Amino acid sequence: MKIVVFIQQIVSTQVKLQGVDYFDASRVSDDDLVINPTGKNAIEGALKLKDSQGAEVTAVCVRGIKPNKALKEAIAMGCTNAIEIADEAFYTDDPYLLSKIYAKALDKIGDYDLILLGVEEQSSSSYAAPAMLAEMLNIPSVLTAEEMEIIDSGFRIGHVLEGGKKIVEVPQKALVSCSDSQYFIPRYTTMRGILAAKKAVIPVWSAADLGLETSEVNADAASLKQISLTNIVIEKETFLINEGEPEEMVDKLLAKLKEDEIKLGA
Amino acid sequence: MKTLVFIQIRDDKIEENTLGILNKIKTTIKGAEIIGALLGKDLKDEWIQELGLHGVQQVVTVTSPELEVYLSATYTKVMMEIINQVNPRFVVAAGTVYGEDLIPRLAVRSNTSCAQRFVDFMVEGDNIHFHTPVRDDQAMKITQVVGDIAFATSRPGAFFVDENPSGTNPEVTSVSVTFDDADRLVKHIEIKKAERTVNLKDAKVIVAAGRGVAGKENFQIIRELADLLGGQIGATRACTDVHWVEETYEIGQTGQSVSPDLYIAAGISGAPQHMSGVKAKTLIVINTDEGAPIINYADYAIIGDMHTILPILKEKLK
Ligand SMILES: Cc1cc2nc3c(=O)[nH]c(=O)nc-3n(C[C@H](O)[C@H](O)[C@H](O)COP(=O)(O)OP(=O)(O)OC[C@H]3O[C@@H](n4cnc5c(N)ncnc54)[C@H](O)[C@@H]3O)c2cc1C
């Protein structure tokens, strides 16, 4: 089975950015760059299939900020290959353009049975790319998967639904977006994987390599335009207890609640 | 502005976020022409009346046995047909699982993009500016979909339902669509409905746990604390999905919405899908990670291990 996993490299949301940092990637330290969390869940989904069925898993990352780190990690987790797609012209904050780049990358990759992506890419809060890509490729798809199983006709997948869970079946050659359910909790990198990642030569494909004119995928081509981006100032003040022995912490909390006249209990 | 709203039905009723969007459109878009797209196997007259009450002027209905359950292919096909006939300026759906599935597909078929999970929007001239929180709600992004048609989804929980709607009966038209094998590639097997045996809506105190609880047996202390405080327990989907606790206790977009006076959240990271169901007067957080997004919402937070903190808290409260 051939599986392609699309991941993204984002600035960890643990890092509190100030407005300007969003636009200036060079201000972010390499340590703060991570794979988008649900992208990592997608890698896990692929590796589970690789473990049980045998599969060639190719991780693909578009541009990103200093991309190679995410792809090296993907290999260290167990992915077979990695491809970096980089071009200064790319504007990836529009999920439509991002999906267009993904679709072209798949053309170049050629054969595949399954495409996996994370449910969301946190830095631009876009949840649209998986559905958009499926539509562009015109292949069956299931979004927000929580578990998946191989069956004769393809895959049986349980996905998130308001008020429960929905079970569907899709044939092979499908696209699935993965949530951070227990089933997709990512594994750690292994020593062997880390060595493989060190040795791996990751090809870099440009817009031209994909047969794309830069004018098709640059900021001017975006149909989702960003007008502004501002930090959200949280007015709420948190009474933070982050030091002391556990018992002292609880005492501190109870004392403060009493002072604030917050009643514990109904 | 001609606005097409994808009407979602859940548990035999018009879903609340959809009603919330209607309210938002009415109050934000002056002279909006609101058209509702209502798809299903059997459609009820009372839904159509309710839509009218909430400001929908025209309801386009499509009925077919194949529309009993949402499937991407059939619903996308029908909605495209409606779009082609109605020619709206703005197409919007509540950002439920189905809404988030549908809108990007419609956008692609219309050769454009979409804005997602807006918590607000404004009309600027002939354009709409969408406000979407990004990066775990650290920043607000304002976007615009350029072109003749703008697609967008709202964030669940973002808008209130009009309590005193006063609209009149809408005009009803219908569209018919036929399906073929290409629309049947994804096969619906079943919907496993979570049993809602306990209603958390009126709970004044909720002690909720997330993945940090790390096992079914550890819910014992959560129950004990809840009992002690005369409240209920709650959980994230991460816990209900693996059956550490009954599904009825799931809180959030796909679980129950709650509005207690006190919400104690232990081992919960604060994903937007969880937080959209929580409107608490006071939020106390216990988490090992000071960087967890939930800390931003907390009134009080202890950075520590819930497995140590909660038993101490219980003893002190006794
Ligand atoms: C379409 C969709 C809808 C969804 N709807 C919902 C919904 O309605 N409700 C819902 O809850 N989720 C929902 N989810 C899932 C949601 O995205 C998150 O995956 C989920 O809320 C995470 O649950 P969590 O906070 O328990 O787990 P995690 O995100 O894994 O967080 C665990 C937290 O526990 C902390 N922790 C770990 N150990 C300890 C310890 N010993 N002591 C204290 N703290 C500790 C960690 O620091 C972390 O912050 C939905 C997802 C999708 C895709």
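The structure we're discussing is the one just above.
Okay, so let's go over this structure. (Residues numbered from 1 in each chain as written. Chains lettered and ligands numbered in written order. Predicted model: local features only at pLDDT ≥ 70, side-chain atom pairs only at ≥ 80, totals over all residues. Heavy atoms only, no water.)

Things to note about the environment of T63(B)
All names here are of chain B.
Right, so step 1: Tracing the backbone through its elements, the reader meets T63 in strand 5 (residues 58-63).
Right, so step 2: A sequence separation of 21 residues divides T63 from D42, and the C-alpha atoms of the two residues are 6.4 Å apart.
Right, so step 3: When neighbours within four sequence positions are excluded, T63 is seen to be in contact with G40, K41 and L43. (Helix = DSSP H or I, 4+ residues; strand = E, 2+ residues; numbered from the N terminus. Contact = heavy atoms within 4.5 Å.)

Examining the packing of aromatic side chains
Right, so step 1: Under the defined criterion, the tally for this structure stands at 12 aromatic pairs over all chains.
Right, so step 2: Taking 4.8 Å as the distance between ring centres and 85 degrees as the angle between the ring planes, the aromatic pair formed by Y183(A) and F184(A) counts as edge-to-face.
Right, so step 3: Ring centres 5.6 Å apart and planes at 80 degrees place the aromatic pair F90(B) and F121(B) in the edge-to-face group. Linking F90(B) in strand 6 (residues 90-94) with F121(B) in strand 8 (residues 120-124), this pair joins segments that are 31 residues apart in sequence.
Right, so step 4: Each residue in the set F90(B), F118(B), F121(B), F130(B) and F159(B) is aromatic and connected to the rest through ring pairs, giving one cluster.
Right, so step 5: Cation over ring: K24(B) sits above F121(B), and NZ or CZ is 5.2 Å from the ring centre.
Right, so step 6: One cation-aromatic arrangement involves R117(B) over Y127(A); the distance from NZ or CZ to the ring centre is 3.9 Å. (Phe/Tyr/Trp six-rings, centres within 6.5 Å; stacked < 30°, edge-to-face > 60°. Lys NZ or Arg CZ within 6 Å of the ring centre and 35° of its normal.)

With respect to the side chain of K314(B)
Residue and element names in this part refer to chain B.
Right, so step 1: Relative to the helices and strands, K314 resides in helix 8 (residues 306-317).
Right, so step 2: For K314, a relative accessible area of 14% puts it in the buried group.
Right, so step 3: When residues no more than four places from it in sequence are discounted, the contact partners of K314 are I221, E224, L225 and L228. (Buried < 20%, exposed > 50% of the residue type's maximum accessible area, 1.4 Å probe, protein only.)

Topic: the sheet that holds strand 16 (residues 262-266) of chain B
Right, so step 1: Taken in spatial order, the six strands of this open sheet run 13(A)-18(B)-17(B)-16(B)-14(B)-15(B), and their pairing is parallel. Strands with a single pairing partner mark the edges of an open sheet, and in this sheet they are strand 13 (239-241) of chain A together with strand 15 (232-235) of chain B. Between one strand axis and the next, the sheet turns by 15 degrees as a mean value, whatever way the strands run.
Right, so step 2: The sheet contact formed by strand 14 (residues 205-209) of chain B and strand 16 of chain B spans five bridges and is parallel. The residue of strand 16 of chain B that forms the bridge with A209(B) is A266(B).
Right, so step 3: Across the sheet, helix 5 (residues 219-228) of chain B touches strand 14 and strand 15 of chain B, and the angle it forms with strand 15 of chain B is around 140 degrees.
Right, so step 4: Sitting on the sheet, helix 8 of chain B touches strand 14, strand 16, strand 17 (282-287) and strand 18 (300-303) of chain B, and the angle it makes with strand 17 of chain B is about 130 degrees. (Pairing = 2+ DSSP bridges. Axes fitted to C-alpha atoms, helices over the stretch in contact; angles between N-to-C directions.)

Re the interface of chain A and chain B
Right, so step 1: Residue-level contacts link 82 residues of chain A with 81 residues of chain B.
Right, so step 2: Between chain A and chain B, a total of about 7300 Å² is buried, with carbon and sulfur atoms accounting for 57% of that surface.
Right, so step 3: The three residues of chain A that bury the most area against chain B are Y127(A), E135(A) and E162(A), which together make up 10% of that side's buried surface.
Right, so step 4: Scanning the region where chain A abuts chain B turns up 10 salt bridges.
Right, so step 5: Across the pair D241(B) and K165(A) runs a salt bridge whose closest N-O atoms are separated by 2.9 Å. (Buried area = accessible area lost by both parts, 1.4 Å probe. Salt bridge = Lys/Arg side-chain N within 4 Å of Asp/Glu carboxyl O.)

Thoughts on the pattern of salt bridges
Right, so step 1: Summed over the entire model, instances satisfying the criterion amount to 38 salt bridges over all chains.
Right, so step 2: As a salt-bridge pair, E247(A) and K316(B) come within 2.9 Å of each other at their nearest N and O atoms. Of the two residues, E247(A) sits in helix 7 (residues 246-259) while K316(B) sits in helix 8, which places them in two different chains.
Right, so step 3: Take E247(A): its relative accessible area is 45%, and that puts it in the partly exposed class.
Right, so step 4: Take K316(B): its relative accessible area is 32%, and that puts it in the partly exposed class.
Right, so step 5: In this structure, R10(B) engages E15(B) in a salt bridge whose closest nitrogen and oxygen atoms are separated by 3.5 Å.

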